[in-house]
There are 2 protein chains.
Amino acid sequence: MSEKSIPKPTDAELEILQVLWEHGPSPVRFVNDELSGRREVGYTTTLKLMQIMHDKGLVTRNTDARSHIYEAALSREETQRTLLDTFVDNVFSGSAASLVMQALGNRKASKDELDQIKALIERIEGKKD
Amino acid sequence: MSEKSIPKPTDAELEILQVLWEHGPSPVRFVNDELSGRREVGYTTTLKLMQIMHDKGLVTRNTDARSHIYEAALSREETQRTLLDTFVDNVFSGSAASLVMQALGNRKASKDELDQIKALIERIEGKKD
DNA sequence: TTGCATTTACGAACATCTTCGTATAAACTT
DNA sequence: AAGTTTATACGAAGATGTTCGTAAATGCAA
């Protein structure tokens, strides 16, 4: 009954989550170094963001050591699922199929990937028959 | 050389665009009535939003009559493509295929839709062979 | 132990988004 | 023509997101 629902991460927060998902639990210093590789960002900026994420419940942290270790609270897949859901609603009026069509049309996928998708479709159709 | 690139619409702006795409060029009054059907929203709020969208270039407008007629500047498909692109980058690290897998897994699509998608995949694969 | 480097904490500035109150102008009513 | 309705324009408040400066705490080194 007292479940706090975790809010959707913002764009800047998502960038941090990607680092945590890819490298596992990490201190602020490491995350900031990763981000700095791609763009200009101050250390305290990253720190503040991660503290806010902790407040929101997007990450957990271990404060035993002096430099705290942060970890994503939700898995990548779980987060992607949630974000995808609201994205489909907002942009594609709830039609997942038309999103898929657009996605396949826009970007090139490898033959392997396409075959994988085809297989998935057949598996889904198979269940319904 | 002096092309102003049109910015990404925000969520509230997207709601308005959906109305314009669905019903064609419309005055503020009509758009606001549509939105009001779903949720509470003041007339001047919608007006202001549409004025801002006009400043940004997201919509064009005809001011001949007293009540201005607004029209989406970009097609639904064009806008969806742009938003999808940055969404794939931000949330799925650029992998359209994994987005498609998630989308198909999450939401139920009709057999017709699935067949359409399968056909599209085969068309894409065909081109490459 | 004194000073230096590293870390967290706090607060504030700045931007953007969303909402709406109020003023002004234009058209319709009677 | 005066009053009512309906529209646009403007400005500003409140919410959220992003950035960073500065202070305080902690550990390390000389």
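Residues numbered from 1 in each chain as written. Chains lettered and ligands numbered in written order. Predicted model: local features only at pLDDT ≥ 70, side-chain atom pairs only at ≥ 80, totals over all residues. Heavy atoms only, no water.

Engineer: Provide a residue-level description of the overall build of chain A, including the pertinent values.
Structural biologist: A count of helices and strands for chain A gives 6 helices and 3 strands. Across chain A, helices and strands are ordered from the amino to the carboxyl terminus as α-β-α-α-β-β-α-α-α. The C-alpha atoms of chain A give 18 Å as radius of gyration, which overshoots the globular expectation for 129 residues (14 Å, by more than 25%). Counting the 129 residues in chain A, one finds 36% classified as buried. (Helix = DSSP H or I, 4+ residues; strand = E, 2+ residues; numbered from the N terminus. Rg over C-alpha atoms; globule rule 2.2 N^0.38 Å. Buried < 20%, exposed > 50% of the residue type's maximum accessible area, 1.4 Å probe, protein only.)

Engineer: How would you summarise the environment of Ile16 of chain B if you had to cite specific residues and measurements?
Structural biologist: Residues and elements named next belong to chain B. You can see Ile16 is positioned in helix H1 (residues 11-23). Owing to a relative accessible area of 1%, Ile16 belongs among the buried residues under this scheme. Linking Ile16 and Leu49, residues 33 residues apart in sequence, is a C-alpha distance of 8.6 Å. The contacts of Ile16, once residues within four sequence positions are left out, are Val31, Leu35, Thr46, Leu49, Met50 and Met53. (Contact = heavy atoms within 4.5 Å.)

Engineer: Can you explain the interface of chain A and chain B? Please cite residues and give values.
Structural biologist: As a measure of interface size, the accessible area lost when the parts come together is often cited. Facing 45 residues of chain A, the contacting portion of chain B comprises 43 residues. When the two sides are added together, the surface that chain A and chain B hide from each other amounts to roughly 4,200 Å², 62% of it contributed by carbon and sulfur. The interface formed by chain A and chain B contains 4 salt bridges. Of the charged contacts in the structure, one is a salt bridge between Glu125 of chain B and Lys111 of chain A, with a shortest N-O distance of 3.7 Å. One can count 8 residue pairs in polar contact (both at pLDDT 80 or more) joining chain A with chain B. For the side of chain A that touches chain B, the secondary-structure elements that each account for two or more residues are helix H1 (11-23), helix H4 (76-92), helix H5 (96-106) and helix H6 (111-128) of chain A. (Buried area = accessible area lost by both parts, 1.4 Å probe. Salt bridge = Lys/Arg side-chain N within 4 Å of Asp/Glu carboxyl O. Polar contact = N/O pair within 3.5 Å; in protein donor to acceptor, adjacent residues only side chain to side chain.)

Engineer: So, the protein's contact with DNA strand C: which residues are in play, and what are the values?
Structural biologist: Around DNA strand C there are 21 residues in total, and Arg29, Tyr43 and Arg66 of chain A together with Thr10 and Thr45 of chain B lie nearest to it. The side chain of Gln51 of chain A places a nitrogen or oxygen atom 3.1 Å from a phosphate oxygen of DNA strand C. At 3.0 Å, a backbone N or O of His68 of chain A approaches a phosphate oxygen of DNA strand C. Only helix H3 (43-56) of chain A together with H1 and helix H3 (43-56) of chain B provide two or more residues apiece to the surface near DNA strand C. Tallied by class, residues from the surface near DNA strand C come to 4 nonpolar, 8 polar and 9 charged. (Near = heavy atom within 4 Å. Nonpolar A, V, L, I, M, F, W, Y, C, P; charged D, E, K, R; others polar.)

Any functional reading would require information beyond the geometric quantities listed.
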